[in-house]
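# A structural walkthrough
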Amino acid sequence: MLRRFVCSALLLLCGFCFSSTLISLHAAEKTARPNIVLCMTDDQGWGETSFNGHPVIKTPHLDDMAASGLRLDRFYAAAPVCSPTRGSFLTGRHPNRFACFSWGHTLRPQEVTVAEAVKSAGYTTGHFGKWHLGSVQANSPVSPGNSGFDEWVSSPNFYENDPYMSHNGMVEQLKGESSRVTVDAALDFMKGAQKKEQPFLAVIWFGNPHLPHEAVDELKALYPNQDPAFQNYFGEISGVDRAMGHLRRQLRDLGLAENTLLWFTSDNGPRPPQFKKDGPRSQATGGLAGYKGNLWEGGIRVPSVIEWPAVIKKPETSDMPCGTIDIYPTVLALTGAKVSHQPTLDGESLLPLIEGHKMSRDKPMGFWTYPIKGHPKRSTDILLALQKQQSPGKPNPPGPVPDADAGSLKTQYSREELPGAAALIDGDYKVLKMENKKGTPKFTLYNLKQDPSEQHDLSKQDPQRFKKMKAALKGWQHSVVDSLNGKDYAD
């Protein structure tokens, strides 16, 4: 009798332990999945932070991130203008693969976005701020909602203070400094996810410091010795910095900071100076050649910092070439997300680098500016026009659906004609193809480690490397054209 009692008790104890273990494993699994917040500014140059040496701009919160996290000193936007880079951010692919050639061009609905991918790992997703990859009307095939985002407070393009936004398709006006209201909208989403004990992906795309520059008085006052134009411009960057500081404090207060990966970067280099002697604007690229719109380093190299206290325990700096094309594969690697049919990727996971391991890039990074013009998108005009046609519970007005043809593959592109500027970065070396007004190409070769300002063409000094990299660039462009013509998509 005693033996039977002891055996029963042991069985009950083992069952309880087994059940407790399962509960503990389930809880550990939930907490192990990091939250992910991906932030990007609009037209902020590589040199336009204090941590990258700007002598005037004040960015204490970004400086603190750089001092405690992983600073990526050779981080590249996939394109020298906004929409294409945003497409690369979401897909891990060069934007020419899906015909997002210039500003105002769209995603293709056939593309797999990072927001769609992480749903397989149980994540809820949100987009906040500038979209610029298609319409923000709810029924558009390339709206944020139809691109994988559960919650979205989005603008068609850049925006200023007190902005109108599309909140899940319904137009609303937010009140306040533009960067702060964007972060506050994202924080509302994060708090909701926390209550549901659900990991989240939040994409925050600021509208600043894009033209026109309209900083609030408090931010302009940070720069009393500057001309009014620079007070507004630098004030907008400091506004982003303060919004990032608010975001970081709130994540700490909510108990989310430790296991949240926070990534900050920009979509392309700064606009060119308006005048020959444009004062502090000369520091915008940190001494790199070129500006927004071209493939010199100043047009595509941008600031980037990653903070993840649970994993990045001490400050690190990397000079490995990496970029916005790497965000998607990195997020998939750290979330365990699965994609059943993955189109060709240009990016690589940076998770080993984030975890503190030595890493070198397996394949070169390609860039290609296809010579097609951008499409103007005036956010306030678009949203006010949409708002007039909306009624409660009915976000979609009658009439044609915006960007209904975004997935069209009717236009087929030549593998032989590869027009426009292009570049390939392989380790320390960069081959650059530029065209004059007649379309005549000129190729040059640079060692970016020794010559980051791209002043010394090495094509004649190192002809073998020059020839090899030119051929590799052409081969990569052929791959891009194959994708552009639809090869990557399932039937």
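Residues numbered from 1 in each chain as written. Predicted model: local features only at pLDDT ≥ 70, side-chain atom pairs only at ≥ 80, totals over all residues. Heavy atoms only, no water.

Turning to the sheet that holds strand β15 (residues 421-426), a few remarks are in order. Overall, antiparallel pairing links the 4 strands, which are arranged β14-β15-β16-β17 in an open sheet. Each end of this open sheet is capped by a strand with a single partner; those strands are β14 (365-369) and β17 (441-447). Ignoring strand direction, the axes of neighbouring strands in this sheet form an average angle of 10°. Pairing of β14 with β15 involves 5 bridges; the strand directions are antiparallel. Within β15, the residue paired with phenylalanine 367 across the bridge is alanine 423. (Pairing = 2+ DSSP bridges. Helix = DSSP H or I, 4+ residues; strand = E, 2+ residues; numbered from the N terminus. Axes fitted to C-alpha atoms, helices over the stretch in contact; angles between N-to-C directions.)

A few words now on the packing of aromatic side chains. For the coordinates displayed, the defined rule picks out 15 aromatic pairs. With a centroid separation of 5.2 Å and an interplanar angle of 90°, the aromatic rings of phenylalanine 89 and tryptophan 205 are classed as edge-to-face. Residue phenylalanine 89 is located in helix α3 (residues 82-91), and its partner tryptophan 205 is located in strand β8 (residues 200-205); the two are separated by 116 residues in the primary sequence. By relative accessible area, tryptophan 205 is classed as buried at 0%. Taking the centre distance of 5.6 Å and the plane angle of 45° together, the rings of phenylalanine 128 and phenylalanine 189 count as tilted. Of this pair, phenylalanine 128 sits in strand β4 (residues 124-130) while phenylalanine 189 sits in helix α5 (residues 178-195), placing them 61 residues apart in sequence. The same class applies to phenylalanine 128 and to phenylalanine 189, which are both buried. (Phe/Tyr/Trp six-rings, centres within 6.5 Å; stacked < 30°, edge-to-face > 60°. Buried < 20%, exposed > 50% of the residue type's maximum accessible area, 1.4 Å probe, protein only.)

Turning our attention to the sheet that holds strand β7 (residues 170-173). Taken in spatial order, the 10 strands line up as β7-β6-β5-β4-β8-β1-β9-β11-β2-β12 in an open sheet, and their pairing is mixed. Bordering the open sheet on either side are β7 and β12 (316-318), each of which pairs with just one other strand. Each neighbouring strand pair of the sheet contributes to a mean axis angle of 15°, computed without reference to strand direction. Strands in contact with helix α2 (residues 60-68) are β2 (70-72), β9 (260-266) and β11 (304-307); relative to β11, the strand with the most contacts, it is inclined by about 65°. Contacts from α3 reach β1 (35-41), β4 and β8 within the one sheet, and its direction differs from that of β1 by about 165°. (Contact = heavy atoms within 4.5 Å.)

We now examine the packing of α2 against helix α7 (residues 228-253). Interhelical geometry of α2 versus α7 gives an angle of 55° and a closest axis separation of 7 Å. For the element pair α2 / α7, the angle class is oblique. Two secondary-structure elements touch here, α2 through Pro60, His61, Leu62, Asp64, Met65 and Ser68 and α7 through Asp241, Arg242, Met244, Gly245, Arg248 and Arg249. Among the residues forming the contact of α2 with α7, the class breakdown is 4 nonpolar, 3 polar and 5 charged. (Parallel < 35°, antiparallel > 145°, perpendicular 65-115°, else oblique. Nonpolar A, V, L, I, M, F, W, Y, C, P; charged D, E, K, R; others polar.)

It is worth stressing that arrangement in space is one thing and function is another; only the former is reported here.
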